[in-house]
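Listed here are the chains, written in short residue letters.
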Amino acid sequence: VQLVESGGGLVQPGGSLRLSCAASGFTFSSAGMRWYRQAPGKERELVATITSGGGGFTEYADSVKGRFTISRDNAKNTVYLQMNSLKPEDTAVYYCKASYGLRAYWGQGTQVTVSS
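Parameters and conventions
- Residues numbered from 1 in each chain as written.
- Predicted model: local features only at pLDDT ≥ 70, side-chain atom pairs only at ≥ 80, totals over all residues.
- Heavy atoms only, no water.
- Core = buried A, V, L, I, M, F, W, Y, C linked by side-chain atoms within 4.5 Å.
- Buried < 20%, exposed > 50% of the residue type's maximum accessible area, 1.4 Å probe, protein only.
- Helix = DSSP H or I, 4+ residues; strand = E, 2+ residues; numbered from the N terminus.
- Contact = heavy atoms within 4.5 Å.
- Phe/Tyr/Trp six-rings, centres within 6.5 Å; stacked < 30°, edge-to-face > 60°.
- Lys NZ or Arg CZ within 6 Å of the ring centre and 35° of its normal.

A. Structural detail: the nonpolar core. L3, F26, M33, W35, L81, M83 and Y94 are the most contacted members of the largest nonpolar core, which totals 32 residues. Contributing elements (two or more residues each) for this core: β3 (17-24), β4 (32-38), β5 (45-50), β7 (68-73), β8 (78-83), β9 (92-100) and β11 (110-114). When residues of this core are assigned to their parent elements, the largest contribution, 5 residues, is made by β9. Contacts of F26, omitting those with residues within four sequence positions, involve V1, L3, A31, A98, Y100 and Y105.

B. Representation of the packing of aromatic side chains within the structure. Considering all chains together, one arrives at 4 aromatic pairs under this definition. Relative to Y100, the ring of F26 has its centre 5.6 Å away and its plane inclined at 50 degrees; by these criteria the two rings are tilted. With F26 in the loop between β3 and β4 and Y100 in strand β9, this residue pair connects regions lying 74 residues apart in the sequence. Each member of the pair, F26 together with Y100, is buried. Measuring from ring centre to ring centre gives 4.8 Å for Y36 and W106, while their planes differ by 55 degrees; the resulting arrangement is tilted. Taken together, the residues span a long stretch of sequence, with Y36 in strand β4 and W106 in strand β10 (residues 103-106) at a distance of 70 residues. Under the relative-accessibility criterion, Y36 is labelled buried at 14%. In textbook terms, an aromatic cluster arises when at least three aromatic residues are bridged by ring pairs, as seen for F26, Y100 and Y105. One Lys or Arg, R44, reaches over the ring of W106 and ends 4.7 Å from the middle of that ring.

See below:
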């Protein structure tokens, strides 16, 4: 099983980034997918959720609602996090997580830095 995040980087406040998480080693369409983030000195927090299947239900943390969008492409085994109107407080390492049956898998994370 492997989850590989990409798309992080340095962006100015108000900018946008699109994170990707490519999955392999399990039936991706049957997995619930989540994005988490962890800022220095803080606990890891749940950012966004998308349920399994083609018409995945989505849910967001209040801090990102209206700015971030989670989506999935089951044909590509990939989940995305579109991040708009980024703020300095969005700076963190972003991780994707797959929940597959009773198992959970994590990616290695990708750094997002929002700074002028």
